[in-house]
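Coordinates in review
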Amino acid sequence: MKTTRDDHRIAWLTGLAILIHMLESTLPSPLPGVKPGLANVITLIVLMMYGWSAACWVTLLRILVGSLLLGTFLSPTFLLSLSGALTMLAAAATTRLAPAAFGPIGLSVLMAIAHIAGQFAVAYTLFIPHQGLFSLLPLLMTAAVAFGLINGLISQAVLRRLGHPTTALDPARREHP
Amino acid sequence: MKSGDYLIVTLAAIMLIALYVNMWSAPQQAGDRVRIVAEGSEPIIAPLDRDHVYRIHGRLGDSVIEIHQGRIHFASSPCPGKQCIHAGWLERDGDFAACLPNGITVTVLGRNPRFDAINF
Amino acid sequence: MMRICHGAVLALAVIGLAACGRNAGEHSYRLFVFGTLVDITTYDAQRERSDRAVQQIEAAMQQIDHDWHAWRPGPFTELNARLAAGETVTLDTVALGQIRRAAQLSATSHDLFNPAIGKLIAVWGFHNDDAPSGPPPTPPQIYALLSARPTMKDLVFGDGNTLRSTNPSLQLDFGGYTKALAIDTAIAILQRHKIHNAIVNIGGDMRTIGRHGLRHWRIGIRHPQQPGAIASIETADDECIFTSGTYERYFEYQGQTYHHLIDPRNGQPARGVLSVTVLHKDPAVAETAAKAILIAGVSQWQYLAREMGVKQVLVIDQNMQFHATAQMASRVKFEITPTPDLNISKTVP
């Protein structure tokens, strides 16, 4: 099996995402579910540079390895992470219909909202089916939009540094570089 | 920023506004409510901060239930024992009075009820 | 890779549908049966399923109330009349089992829980939906009923599901024991409807199953002298919490208060204790132990608790002193300030 330069890059980026994921899990959180989600900067960069499939790999590997290292595999934390990631990736997939229309900022905000929406649905269905949870939703969404914007700006800056156009390229072209 | 980015950010802003408006306009956010249940009819839910006198029809006749200055009590009742009137004013979360002969109960509800049930 | 992600989208759609389709959460119902309030709370069960179960429970409870009612004319008053006449009565296995169980519990309580003294309860005026207005019975009236000494030992369980009484003064009055049976019936109906998180509360005595989502069911114990809770308990997965209190039914006559918990030893309302709360898995044990311990009084409560095999007991006496078993003391949380001193039993394990 031959590996390309891009494969190596994706592997490095996955490692970096796991590192960020681990560091962030040590930060205190004012509210469960409110986190900057800085690892998603990597997801976003991979999405822009290597396409949606690669982004799926990086994200799912990050969650799997991260949870194994933190000892949260198959715990509620893991299920919430995973569900958030799946909705986030699904939302990103919809932008493939018009790849040229979206830059990192819009994608980042969209994915952050989708992420928290997925987590919220799972938290409500599986763990806390209590109406009171809904009163948290505005705060959670505000945090998601704010961190989405910040992560989007960071990704845009990084992509400019790397000399990459800040438009989602046709991912089909990127499947086999 | 691309056109799609503007669209997403605008929609996100609208969604946030809608969420906050919905949260603040939700009924009975602040303050407590009371639930008045008469046998065989729909419960009445009323705010405790609005003075009002209810005349509730029960098995034996009409019970008069008064809300005054954030408290509620049975003002009069056709029952023989008058235990419901002796219960006095209710104001705290979970406070409860009943007129069993007349089939009427009054419960103070809070936003987060402290107990799921009261043992007595 | 693509296949994994398609699977993910599909899983997501399922989760989304599940979130919309379940109107789970908490559902509460209030019924009027047994001359009191019946509250049923279900958690994490669909509304329609809860509704159906509660409908069946209401019908079943009304049936139990009809079948076991201590004074309203019906099958039970008829049974009492035939037993008093010295007849041998044939009963169905279930009913007979419940009477036999009451007799066993009465024996372990040293007859302080004595459901054979229906005549005494009646003469005090408590065979009525409303509180009696007095006057209390005269000493000769009480003496006449006490001297006949009706107890459950007067019942003879014969072959072929038969029952007879050797004491014409015996009149069965199951009181709270009937409610304990109804609670078990209700929980069985809920479980048949696959509802595993619920409270069935009949007139303040209840059995809880499962939990309230992430936390246990939280039960407030009413203050015996004022509105609101005096303490609270988080109940285990399947547990009953029963309280006998002198404040539940009483009447006043010429400035004296007379309550409904009649001491079978002297025919008078029991003295010294305001309320007894018992936690136990079996509602029949919890109900009869709470009543017997209250009647036993402050000096003998620990003895009765040991005899009846209940290990989680809270006693509030008429001086507002608190007594508890060690196991109860570790679970009860006081809701009043200052936190009262608790006299912890050294003799109940």
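Within each chain, residues carry numbers counting from 1 in the order of the written sequence. Here chains are named by letter from A upward and ligands by number from 1 upward, in the order in which they appear as written. Restriction of local features to residues with pLDDT of at least 70 applies here, the model being predicted, together with a cutoff of 80 or more for giving and counting side-chain atom pairs; totals for whole chains, interfaces and linings are based on all residues. Heavy atoms throughout the structure, all of them, feed into the side-chain values; hydrogens and water do not.

Some remarks on the interface of chain B and chain C
Short version of the rule: Contacts were defined at the residue level, with two residues in contact if any of their heavy atoms lie within 4.5 Å. In short, buried area is how much 1.4 Å probe accessible area vanishes from two parts on joining, totalled over both. Throughout this description, the term salt bridge denotes a Lys or Arg side-chain nitrogen within 4 Å of a carboxyl oxygen of Asp or Glu.
Tallying the contact residues gives 24 residues for chain B and 35 residues for chain C. Taken together, both faces of the contact between chain B and chain C bury some 2300 Å²; the carbon and sulfur share is 54%. Considering only the side of chain B, the residues that lose the most area to chain C are Asp116, Asn119 and Phe120 of chain B, jointly responsible for 36% of the buried surface there. Linking chain B to chain C there are 1 salt bridge.

What to know about the interface of chain B and chain A
For the record, the criterion: Pairing of N or O atoms within 3.5 Å defines a polar contact, subject to two protein rules: one partner must be a possible hydrogen donor and the other a possible acceptor, and residues neighboring in sequence count only if both atoms are side-chain atoms. Three classes are used, and their members are as follows: Ala, Val, Leu, Ile, Met, Phe, Trp, Tyr, Cys and Pro are nonpolar, Asp, Glu, Lys and Arg are charged, and the others, Gly among them, are polar.
At the junction of the two partners, chain B supplies 13 residues and chain A supplies 21 residues. Regarding the contact of chain B and chain A, the summed buried area is about 1300 Å², with carbon and sulfur atoms giving 77% of it. At the boundary of chain B and chain A, one finds 0 salt bridges. In this structure, the connection of chain B to chain A is made through 4 residue pairs in polar contact (both at pLDDT 80 or more). When its residues are assigned to classes, the side of chain B that touches chain A shows 9 nonpolar, 2 polar and 2 charged.

Considerations on the environment of Asn167 of chain C
All names here are of chain C. Selection criterion: Think of it this way: any DSSP run of H or I at least four residues long counts as a helix, any run of E at least two long counts as a strand, and we number them from the N terminus.
Here Asn167 lies in the loop between β5 (162-165) and α7 (176-192). It is 14 Å that separates the C-alpha atoms of Asn167 and Val89, two residues lying 78 residues apart in sequence. Setting aside anything within four residues of it in sequence, one finds Asn167 in contact with Ala148, Arg149, Pro150 and Asp154. Polar contacts involving the side chain of Asn167 include one to the main-chain carbonyl oxygen of Ala148, which spans 2.8 Å.

Observations concerning the packing of helix α2 (residues 47-68) of chain C against α7 of chain C
Residues and elements named next belong to chain C. Note the following rule: Between N-to-C directions, angles span 0 to 180 degrees; the directions come from axes that are lines fitted to C-alpha atoms, helices contributing only their stretch in contact. Note on angle classes: values under 35 degrees are labelled roughly parallel, values over 145 roughly antiparallel, values of 65 to 115 roughly perpendicular, and the remainder oblique. The crossing is said to be left-handed when, going from far helix to near helix, the turn is anticlockwise and less than a right angle, and right-handed when the turn is clockwise.
Contact pair α2 / α7: the axes reach a minimum separation of 9 Å and the direction vectors enclose 155°. Considering the angle they form, α2 stands roughly antiparallel to α7. For the pair α2 and α7, the crossing hand works out as right-handed. Between α2, through Ala53, Gln56, Ile57, Ala60, Met61, Ile64 and Trp68, and α7, the contact on the second element is made entirely by Thr178, Ala182, Thr185, Ala186, Ile189, Leu190 and Arg192.

Considering the packing of helix α2 (residues 39-50) of chain A against helix α5 (residues 104-127) of chain A
Any two packed helices are characterised by the angle at which their axes cross and by the distance between the axes. All names here are of chain A. At their nearest, the axes of α2 and α5 sit 11 Å apart, and the two run at 130° to each other. Between α2 and α5, the angle falls in the class oblique. When the axes of α2 and α5 are compared, the crossing they make is right-handed. Between α2, through Thr43, Leu44, Leu47 and Met48, and α5, the contact on the second element is made entirely by Pro104, Leu107, Ser108 and Met111. In terms of residue class, the contact of α2 with α5 is built from 6 nonpolar, 2 polar and no charged.

Considering the nonpolar core
Counted only if it meets this: Only buried residues count toward a nonpolar core. Its members are Ala, Val, Leu, Ile, Met, Phe, Trp, Tyr and Cys residues joined through side-chain atoms within 4.5 Å. Working definition: with a 1.4 Å probe on protein chains only, accessible area under 20% of the residue-type maximum means buried, over 50% means exposed, and in between means partly exposed. What fixes the domain bounds is an automatic or database domain assignment.
Among the nonpolar cores identified, the biggest contains 73 residues, and Met61 and Ile293 of chain C are the most heavily contacted of them. Per-element accounting of this core gives the leading share, 10 residues, to helix α8 (residues 283-296) of chain C. Taken domain by domain, this core gets at least three of its residues from each of domain 1 (75-165) and domain 2 (216-344) of chain C. In this structure, Leu60, Ala101 and Ile113 of chain A together with Ile8 of chain B belong to the second largest nonpolar core, which totals 45 residues.

Focus: the environment of Val94 of chain C
Positionally, Val94 of chain C belongs in helix α4 (residues 93-108). Taking the C-alpha atoms as reference points, Val94 of chain C and Ser106 of chain C, separated by 12 residues in sequence, lie 18 Å from one another.

Some points on unusual backbone geometry
All names here are of chain C. Following Gly134, the chain continues to Pro135 via a peptide bond in cis, the omega torsion being 0°. Within the element layout of this structure, Pro135 appears in the loop between α5 (118-123) and α6 (139-147). Geometrically, the link from Thr337 to Pro338 is a cis peptide bond, its omega value of -5° lying close to zero. Along the polypeptide, Pro338 turns up in the loop between β16 (333-334) and β17 (342-344). The backbone phi angle of Arg149 is positive, close to 45°, even though this residue is not glycine. Secondary-structure assignment places Arg149 in the loop between α6 and β4 (155-158).

Re the domain arrangement of chain C
Residue and element names in this part refer to chain C. With domains assigned, chain C is organised as domain 1 (75-165) and domain 2 (216-344). Here domain 1 and domain 2 have C-alpha centroids that lie 24 Å from each other. Contacts between the two partners involve 25 residues from domain 1 and, on the opposite side, 28 residues from domain 2. At the boundary of domain 1 with domain 2, total buried surface from both sides reaches about 2100 Å², with 72% on carbon and sulfur atoms. A per-residue breakdown of the area domain 1 buries against domain 2 is headed by Leu112, Trp124 and Phe126, which together make up 34% of the total. Connecting domain 1 to domain 2 are 1 salt bridge. In this structure, the salt-bridge partner of Asp282 is Arg101, at a minimum N-O distance of 3.1 Å. One can count 5 residue pairs in polar contact (both at pLDDT 80 or more) joining domain 1 with domain 2. Listed by contribution, the elements that provide at least two residues to the side of domain 1 that touches domain 2 are α4, α5 and α6.

Here we look at the packing of aromatic side chains
To be explicit about the condition: Under the pairing criterion, centres of Phe, Tyr and Trp rings, with the six-membered ring standing for Trp, must be within 6.5 Å; the plane angle then separates stacked pairs below 30 degrees from edge-to-face pairs above 60, leaving the rest tilted. Should the NZ of a Lys or the CZ of an Arg lie within 6 Å of a ring centre and within 35 degrees of the ring normal, that charge is described as sitting over the ring.
In this structure the tally under the stated criterion is 12 aromatic pairs over all chains. Ring geometry for Phe96 of chain B against Phe120 of chain B: centres 6.5 Å apart, planes inclined by 35°, an arrangement best described as tilted. In this pair, Phe96 of chain B is assigned in strand β6 (residues 96-99) and Phe120 of chain B in the segment after β8 (117-119), connecting sequence segments 24 residues apart. The exposure class of Phe96 of chain B is partly exposed, given its relative accessible area of 21%. For Phe120 of chain B, a relative accessible area of 17% translates into the label buried. Ring centres of Trp68 of chain C and Phe174 of chain C lie 5.5 Å apart, and the angle between their planes is 40°; on these two criteria the pair is classed as tilted. You can see Trp68 of chain C sitting in helix α2 and its partner Phe174 of chain C sitting in the loop between β5 and α7, a full 106 residues away along the chain. For Trp68 of chain C, a relative accessible area of 12% puts it in the buried group. These aromatic residues form a ring-pair network of at least three members: Trp68, Phe76, Phe113, Phe174 and Tyr177 of chain C. Directly above the ring of Phe120 of chain B sits Arg222 of chain C, whose terminal nitrogen or CZ lies 5.0 Å from the centroid.

Concerning α5 of chain A
Stated formally: Here, expected helix span is obtained from the residue count minus one, scaled by 1.5 Å.
A rise of 1.5 Å per residue sets the reference length of α5 of chain A, with its 24 residues, at 34 Å; its end C-alpha atoms lie 33 Å apart and thus fit the reference within 8%. Of all 24 residues in α5 of chain A, 19 are buried; the element is thus mostly enclosed.

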